[in-house]
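# A closer look at the structure
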Amino acid sequence: LLHRGLYRLCMRSALPYLEKYFYITSDCRRFSEKNYGVPASIMEFYPLGGVMPDDEAYRMWHMKRRAELCMEDNELLFVHSGKLDAEKRTEELLKAFAAVPGLKARLVVIGSMTDDMKSVLLPLMAADSRVEYMGWRNAEELKEYLCAADMYLQPGSESSTMQNAVCASCPVMLYPHRSYMEDYDYGNIVWTKTAGDMEDCFRKIAVGELRLDVLAEKSRLCALELLDYRRLAARLYR
């Protein structure tokens, strides 16, 4: 009633005065067309973006956080974050990581846990010495860990941290949500629908079949062309 009634009426009244109608995902575009009747001719993709750190800040944060974790030069760093409920699929991710013990890597988990998940996740983390649970960290701290990371892992629900990770030149592991597949794929994403897919990703990294440095360059290109807030802002005042 709200969307196809009141909100549609408000939108139809505003349409004659609009030059552009920005949508943040392809799902939002389809929703706006179907429920509000927004014409495709004025619609334009304007994604949630991020701030790309300059080279000096990136190097400083990269070295700072890896030194904090006492990491060796040839160790990889994976980061997983968010509200660690069932939709984040943290349990499956931890089990998939544990199934590849030969992978020389660290997995940093950042975020808060729901009470029902603590009894599930904490034992899994404690069982693997490569896993470090950092608890909740603020946005600035999370950005620093993303700059230190070799890959950001988000195999469950959608989150704007994905865009921030790409802006830090991180390859990303994602669940194949339709909007992600349509809007953000620059060849920098490993799609993982099942726990087996996650494990397969880790195995390919372990044997060198999947080159994260190559994917990182593609993430940087995605950020430069699509997500950099400086470029997004320029579209509004050009």
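Just so it is clear, the model here is predicted, and its values are computed rather than measured. (Residues numbered from 1 in each chain as written. Predicted model: local features only at pLDDT ≥ 70, side-chain atom pairs only at ≥ 80, totals over all residues. Heavy atoms only, no water.)

### Comments concerning the overall build of the chain
Threshold: The helix and strand labels rest on DSSP assignments: H or I over at least four residues marks a helix, E over at least two residues marks a strand, and numbering proceeds from the N terminus. Only C-alpha atoms enter the radius of gyration; for comparison, a globular chain is expected to reach 2.2 Å times N to the power 0.38, where N is the number of residues. Here the term buried applies to any residue with accessible area under 20% of the maximum for its type, exposed to any over 50%, and partly exposed to those in between, with areas from a 1.4 Å probe on protein chains only. Whether two residues are in contact is decided by their heavy atoms, any of which lying within 4.5 Å being enough. A 1.4 Å probe and the Shrake-Rupley method give the accessible areas. Residues count as covered only by the protein chains that appear here.
A tally of helices and strands in the chain yields 11 helices and 8 strands. Scaling as 2.2 N^0.38, a compact globule of 238 residues should have a C-alpha radius of gyration of about 18 Å, and the chain matches this with 20 Å. Across its three principal directions, the C-alpha atoms of the chain cover 60 × 40 × 35 Å. In the chain, which comprises 238 residues, the share counted as buried stands at 47%. Relative to all contacts within the chain whose residues are 6 or more apart in sequence, the contacts with residues 24 or more apart total 67%. Carbon and sulfur atoms make up 54% of the accessible area of the chain, which totals about 12,400 Å².

### Some remarks on the sheet that holds strand 4 (residues 105-110)
Worth spelling out the cut-off: A pair of strands is considered paired only if DSSP assigns at least 2 bridges between the two. Only the contacting stretch of a helix is used when fitting its axis, a line to C-alpha atoms as for every element, and angles between N-to-C directions run 0 to 180 degrees.
Read from one edge of the open sheet, 6 strands run 5-4-3-6-7-8, paired in parallel fashion. Looking at strand neighbours, the two that pair on one side only are strand 5 (131-135) and strand 8 (189-191), the edges of this open sheet. Across the sheet, the mean angle from the axis of one strand to that of its neighbour is 25°, orientation sign disregarded.

### Remarks on the packing of helix 1 (residues 2-14) against helix 2 (residues 26-36)
Selection rule: Should an angle fall under 35 degrees it is called roughly parallel, over 145 degrees roughly antiparallel, and 65 to 115 degrees roughly perpendicular, with every other angle called oblique. Three classes are used, and their members are as follows: Ala, Val, Leu, Ile, Met, Phe, Trp, Tyr, Cys and Pro are nonpolar, Asp, Glu, Lys and Arg are charged, and the others, Gly among them, are polar.
Here helix 1 crosses helix 2 at 95°, and the two axes come no closer than 9 Å. Classified by the angle between their axes, helix 1 and helix 2 sit roughly perpendicular to one another. Contacts from His3, Arg4, Tyr7, Arg8, Met11 and Arg12 of helix 1 reach helix 2 at Phe31, Lys34, Asn35 and Tyr36. For the contact of helix 1 with helix 2, a count of residues per class yields 4 nonpolar, 2 polar and 4 charged.

### Here's the deal with the side chain of Glu44
Put simply, the test is: N or O atoms within 3.5 Å of each other form a polar contact, as long as, within protein, one can give a hydrogen and the other can take it, and as long as residues adjacent in sequence are counted only when both atoms are side-chain atoms.
Topologically, Glu44 is positioned in strand 2 (residues 43-45). Assessed through its relative accessible area of 16%, Glu44 is described here as buried. At a separation of 3.1 Å, a polar atom in the side chain of Glu44 contacts the side chain of Lys20.

### A closer look at the packing of aromatic side chains
So the rule is basically this: Stacked, edge-to-face and tilted labels apply to pairs of Phe, Tyr and Trp rings (six-membered ring for Trp) whose centres lie within 6.5 Å, assigned for plane angles under 30 degrees, over 60, and everything in between, in that order.
In the structure shown here, the tally under the stated rule is 8 aromatic pairs. Relative to Tyr46, the ring of Phe22 has its centre 4.8 Å away and its plane inclined at 40°; by these criteria the two rings are tilted. Of this pair, Phe22 sits in strand 1 (residues 21-23) while Tyr46 sits in the loop between strand 2 and helix 3 (55-68), placing them 24 residues apart in sequence. For the pair Phe45 and Tyr184, a centre-to-centre distance of 6.1 Å together with 70° between the ring planes defines the contact as edge-to-face. You can see Phe45 sitting in strand 2 and its partner Tyr184 sitting in the loop between helix 8 (178-183) and strand 8, a full 139 residues away along the chain. Judged by relative accessible area, Phe45 falls into the buried class, the value being 16%.

### Section: the layout of surface pockets
Unfilled space is identified by rolling a water-sized probe across the atoms. Definition in use: Only protein atoms enter the 1 Å grid used here, on which a cavity is any set of points holding a 1.4 Å probe that cannot leave and a pocket is any open set flanked by protein within 12 Å on both sides along at least five of seven lines; residues with an atom within 4 Å of a point are listed as lining. Grid points are joined across faces, edges and corners, and a volume is the space filled by probe spheres set on the points.
Taken as a whole, the largest pocket holds about 300 Å³ of empty space. Forming the boundary of the largest pocket are 22 residues, of which Ala139, Leu142, Lys143, Thr161 and Asn164 lie nearest the centre. Elements that contribute at least two residues to the lining of the largest pocket include exactly helix 6 (139-148) and helix 7 (161-167). Here the lining of the largest pocket takes 5 residues from helix 6, the largest share from any one element. Classifying every residue of the lining of the largest pocket by side-chain character gives 9 nonpolar, 9 polar and 4 charged. Around the second largest pocket, the lining is made up of 14 residues, and of these Tyr58, Asp150, Ser169, Asp213 and Ala216 lie nearest the centre. Where the lining of the second largest pocket is concerned, the elements lending two or more residues are helix 3 and helix 10 (212-227). The element contributing the most residues to the lining of the second largest pocket is helix 10, with 5 residues.

### Some words on the environment of Glu56
Examined against the element boundaries, Glu56 turns out to sit in helix 3. Separated by 64 residues in the primary sequence, Glu56 and Val120 have C-alpha atoms spaced 40 Å apart.

### Concerning the packing of helix 4 (residues 90-98) against helix 5 (residues 115-126)
As a reminder of what qualifies: Should the near helix be turned anticlockwise from the far one by less than a right angle, the crossing is left-handed, and should it be turned clockwise, the crossing is right-handed.
Interaxial distance between helix 4 and helix 5 falls to 10 Å at its minimum, and their mutual angle equals 20°. The orientation of helix 4 with respect to helix 5, classified from their angle, is roughly parallel. For the pair helix 4 and helix 5, the crossing hand works out as left-handed. Along its contact with helix 4, which presents Thr90, Glu91, Leu94 and Lys95, the element helix 5 presents Val120, Leu121, Leu124 and Met125. Taken together, the residues that form the contact of helix 4 with helix 5 break down as 5 nonpolar, 1 polar and 2 charged.

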